[in-house]
Structures are given as C-alpha cells and as structure tokens.
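Summary of the model geometry
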Amino acid sequence: MKNIKHQNISRITLFLISLFWVTKLVAQDISFNYLSTENGLSQFTAYCLYKDELGRIWIGTRDGLNVYNGNWVRSYKPERGNEHSIVGKDVRRICGDGKGHLYIQTIEGICIFDMYSETFETIQKGPGHSITYSSDTLLIGGNGSVYYYDVLNHQVKPYCSLEGDIQVSSLLKDKTGRLWLGTRGDGLYCLRKGEMKQLCVLPQSNVFNLFIIIFLKVLYFAIQNRSGGKIHLSKLPALSRMAMSIFVFILVIVLIVRIIRRAF
C-alpha cells in the first residue's frame, strides 16, 4: 500500500514539474534572426558554426570564414601573396581553445586564427578529415591515424593509429578522457584514457558527425549515419526511465500547445 502511495506521489510530482517547465517554455516569445548573403554572409552554404568566448558566431561556408558579432558580418578569404591569410576558402570545421585562438579546417589545410592580431597561421597543408579541441590539445583526424598539434614546437605529431586504412571523419573527446573516433564506413571507435588500443563500438557505419547532448546530467552520444540518414543514440550512463519520461512528456505537451495556439 505504501509503495502504491509513493508511486502516485512521484507521478503527481513529475506532472507538476513538467507542467511548470511547459508553462515557462510556452510563455517565452521565441524569435529568429536570419543571416544571408544580403546581410554580408560570403556564401549561403554553411558547413559549421562555432561560438567564441566573446559571444561571436563563426560560420564556415563554401566561400570563406564569416564572423557575426550581432550587428554585422565580416568575411575572411585567402589572399594571394599573404601567408597570414586563411588556407583555403571552403571551411568545413571550426573549434577553439577559449583563449583567443580558433582552429579552422578547410579542404586545403588546417590553420590557427589569432583573434587579437587577426592573423592566420597554417599548421598543415592538404585536406584534413576532422579536428577537435579538448584538454588544451588540438586533435586532427587523418587516414588511419589521429595527430595532435605541438604548440611549443609548432609541429603536427602522431597521437594514435588505427589498424588498416581507416579514414577518421569525426572526433570527440568526452569529460572522462575517452576519445571517440567516427570513420567513413568502418564504424565508431572508442579509445579509453591511458589505453592504446581502440574498441569498435559500432561497426560498419559511416559516422560523419559526433556531438554531445547533456540532459538531466545524463550524457548522450548522437551519431548520425550518412547511409539512410539514420541516427544512432547511445548514452553514458544508462538512461533512466524517469529522465526519458520527463523529456518525452514535455516535448509532447509543448508540441500540442503550439499546435493549439496556431489553430486559434
């Protein structure tokens, strides 16, 4: 009998918490601002976004690197004869160290951008497949290997290697120190901290992007598979039923309320 009462109390509490958050979400007026070539964007195809420590939005496009400060857009493109300009105009990935430096990957190489001097330094020529910045280290994915950038010596050095001719298309390092390696057609690998051998956790998959969603202190990996557009989800630790119930309930209620508001 006590267990039944406890379950009822838990359900009522869960409902009240969900109703509170739904009310807050619906009460908010959400608006969107759009950037286009008319606002100064160098090209309308945006491959990547990055928000720096100053609150500015960096946008990688097919025709240059753009930065938006909330008022205007500035573009960076290669300049002939200027070795301190960006290497290549087709920008695929952007990350940063939070200390005034951006790392930009283009189809022609990888460079560092100093936000204060506004100059670029090329650290690798030739196409790189992926980059990520974690634990004060820039990691670069290549063919069968991962490299890191030695800041003191200004050199790209080997970090780890994979068996076979595997192309590392995406990288992500979580807070526990594990390095996740997405590949083109060979699956998802995990390299635990302090170990040298990778564990294949999702074989024969074309993983071209990795990102983290943190909800109710639960860490998720959403891995998008190019083949068929399928999305695989894994979680660390195991997803609790209550967390999922709250998430799904809030999502459904928000959608229903928005549909009703639009109808009337």
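Okay, so let's go over this structure. (Residues numbered from 1 in each chain as written. Predicted model: local features only at pLDDT ≥ 70, side-chain atom pairs only at ≥ 80, totals over all residues. Heavy atoms only, no water.)

**Topic: the pairing of strand β13 (residues 168-173)**
Counting buried residues in β13 gives five out of six residues, a clear majority hidden from the surface. Pairing of β13 with strand β14 (residues 179-183), which is carried by five bridges, proceeds in the antiparallel orientation. Within β14, the position partnered with K173 by the bridge is L179. Count of turn residues in the β13/β14 antiparallel hairpin: five residues, of which G177 carries a positive phi of about 95 degrees. (Buried < 20%, exposed > 50% of the residue type's maximum accessible area, 1.4 Å probe, protein only. Helix = DSSP H or I, 4+ residues; strand = E, 2+ residues; numbered from the N terminus. Pairing = 2+ DSSP bridges.)

**Section: the sheet that holds strand β1 (residues 46-51)**
Read from one edge of the open sheet, four strands run β1-β2-β3-β4, paired in antiparallel fashion. Each edge of the open sheet carries a strand with a single partner, namely β1 and β4 (73-76). Taking each pair of neighbouring strands and ignoring which way they run, the sheet shows an average axis angle of 20 degrees. Sheet analysis places β1 next to strand β2 (residues 57-61), joined by five bridges and oriented antiparallel. By the bridge assignment for β2, A46 is matched with T61. (Axes fitted to C-alpha atoms, helices over the stretch in contact; angles between N-to-C directions.)

**A word on the nonpolar core**
Of all hydrophobic cores here, the largest spans 16 residues; its most connected members are W58, L65, I104, F113 and F120. Of all the secondary structure elements, the ones that give two or more residues to this core are β1, β3 (64-68), β5 (91-96), β6 (101-106) and β7 (109-114). Counting residues in hydrophobic clusters, the runner-up holds 11 residues, among them I166, L171, Y189 and L191. (Core = buried A, V, L, I, M, F, W, Y, C linked by side-chain atoms within 4.5 Å.)

**Regarding the pairing of strand β10 (residues 137-141)**
Burial runs high along β10: four of the five residues are buried. Bridge analysis of strand β9 (residues 130-134) against β10 gives five bridges, and the strand direction is antiparallel. Considered in β10, the bridge of Y133 is made with L138. Once β9 ends, the chain turns through two residues before running back antiparallel as β10, passing S135 with a positive phi of about 55 degrees.

**Some thoughts on the sheet that holds β9**
Pairing is antiparallel across the open sheet formed by four strands, whose spatial order is β9-β10-β11-β12. Each edge of the open sheet carries a strand with a single partner, namely β9 and β12 (155-161). Averaged over all neighbouring strand pairs, the angle between strand axes comes to 30 degrees, with direction disregarded. With three bridges joining them, β10 and strand β11 (residues 145-150) adopt antiparallel strand pairing. Of the residues in β11, the one forming a bridge with G141 is V146.

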